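Here is how the chains run, residue by residue.
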Amino acid sequence: MNIKMPDFDVKKFVKDAGSTLSRVVQLTEEKLGTSEKTEMDSHFEILSERSDCARMWTEKIVRDTEAALIPNPANRVEDFIFEKIEKAKPKRLSNLEYLGLDMIEGGGEFGQDGAYGSALIKVGQTQQKLGSCERDFIGSAGMCFIQPLKKFLEGEMKTITKEKGILESKRLDLDACKNKVRKARSMLGQQTAERDLRVAQSEFDRQAEITKLLLEGISTTQATHLRHLHAFVEAQVRYYGQCNKIMSDLQRELASLGGPQPYVPVAGYEEDETNHLTGRVNNIELGGSPGYKRARVLCSYDAKDGTELNLTSNEVIFVCECNPPNSDYMNGKQGLLKGLVPKAFLEILDE
């Protein structure tokens, strides 16, 4: 029975072992200060530093973005494992969706015909919508921002790191040959050492040029990363816009249910013990008047800042005079919010 042995190049093995030993000796001598080291030119060093900086900050941005999108570290580790074994990531409910489920079930137990049970169900359904939007945003952000940055790290940066490692090996070989030339004592040994030096210098120069070209390409990747950053911001704008619309719709639904309207603080506002608006916003004193009246909005109005309320045409809100009275604005109460509303957009219903 003939057993075929795998091909084994003894000469190559011995040569590689000798090169490795020579590099170790050269590196040790450099650490001890007994051997000279070939230095790269300043332009190459600048490119190398920029490359290291790009890798470091890209890795940090990827980690921080993943942590912001998926705060639970256990879930991130699980996703990483499934990504490495090339299997679909597990579908899990978000915290908002769990909250929504419990609110809906709780609302059903309290009774959906009651004010509290009905409100719980509506809020729970909204939490589920928010959770769905959050999942879409996480997927979109991963595709448009995280994945391209990871591809850069695992592609270009890995190649650059590999080529820089080869360049360092060639540099050690070159310096080892220089030492051999200096230490050669015979004519034959001198000629052999000089021949090896020319070969090592040629290989070092070629590898340095390859590495330099790769390093110079790093600057062009920033334009690509900028496009991915814009895409990430657009995804955020869509996500927060969807969330704002969902919450605004919920706010109106809850206001339409009637019942007590809890106060939600708005920047620049305070509420005193008599449940009136107090404070000063844009040099307008708020509150002081306990009597609210109903008012119909004549046409839609977009708030100029956080001190004002957004108004929708034909909706009915509660208003009262500012203290002291202001010729342009009134205090408004709209569902869960309170703020300033322009008089010109209102028709008072309760005189």
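Basis of the calculations
Residues numbered from 1 in each chain as written. Predicted model: local features only at pLDDT ≥ 70, side-chain atom pairs only at ≥ 80, totals over all residues. Heavy atoms only, no water. Pairing = 2+ DSSP bridges. Helix = DSSP H or I, 4+ residues; strand = E, 2+ residues; numbered from the N terminus. Axes fitted to C-alpha atoms, helices over the stretch in contact; angles between N-to-C directions. Expected span 1.5 Å × (residues − 1). Buried < 20%, exposed > 50% of the residue type's maximum accessible area, 1.4 Å probe, protein only. Contact = heavy atoms within 4.5 Å. Patch = residues over 30% accessible without salt bridge, like charges linked within 9 Å, V, L, I, M, F, W, Y side chains within 5 Å. Areas by Shrake-Rupley, 256 points an atom, 1.4 Å probe, with all protein chains shown as cover. Salt bridge = Lys/Arg side-chain N within 4 Å of Asp/Glu carboxyl O.

1. Quick notes on the sheet that holds strand β4 (residues 293-297)
1) Next: Taken together, the 5 strands give an open sheet; going across it, the order is β7-β6-β5-β4-β8, and neighbouring strands pair in antiparallel fashion. Of all strands in the sheet, those with a lone pairing partner are β7 (337-342) and β8 (346-348), marking the two edges. Within the sheet, the average angular offset between the axes of one strand and its neighbour, ignoring direction, is 45°.
2) Next: With 4 bridges connecting them, β4 and strand β5 (residues 316-320) associate as antiparallel partners. Paired with A295 across the strands is I317, a residue of β5.

2. Focus on helix α2 (residues 42-69)
1) Next: The end-to-end C-alpha separation of α2 is 40 Å, in line with the 40 Å expected for 28 residues at 1.5 Å each.
2) Next: Within α2 the residues assigned to the buried category are F44, L47, S48, S51, A54, T58, V62, T65 and L69.
3) Next: Check the buried side of α2 and you find it contacts α5 (115-183), α6 (187-216) and α7 (218-256).

3. A word on a nonpolar patch on the surface
1) Next: Together, L226, L229, V233 and V237 give the surface a local cluster of nonpolar side chains, amounting to about 320 Å² of exposed area.
2) Next: Note on placement: V233 falls in helix α7.

4. Let's talk about the pattern of salt bridges
Note that side chains of opposite charge can pair when their charged atoms are close.
1) Next: With the rule as written, the count across this model stands at 11 salt bridges.
2) Next: Across the salt bridge formed by D52 and R55, the nearest N and O atoms sit 3.2 Å from each other. Residue D52 and its partner R55 are located together in helix α2, separated by 3 residues, close to a single helical turn.
3) Next: The partly exposed category is assigned to D52, whose relative accessible area is 28%.
4) Next: With relative accessibility at 28%, the residue R55 sits in the partly exposed group.
5) Next: Two residues, K164 and D52, come together in a salt bridge whose shortest N-O distance is 3.1 Å. Within this pair, whereas K164 is found in helix α5, its partner D52 is found in helix α2, the two being separated by 112 residues in sequence.
6) Next: On the accessibility criterion, K164 (21% relative accessible area) is partly exposed.
7) Next: Beyond isolated ion pairs, a larger network of salt bridges with shared partners links D52, R55 and K164.

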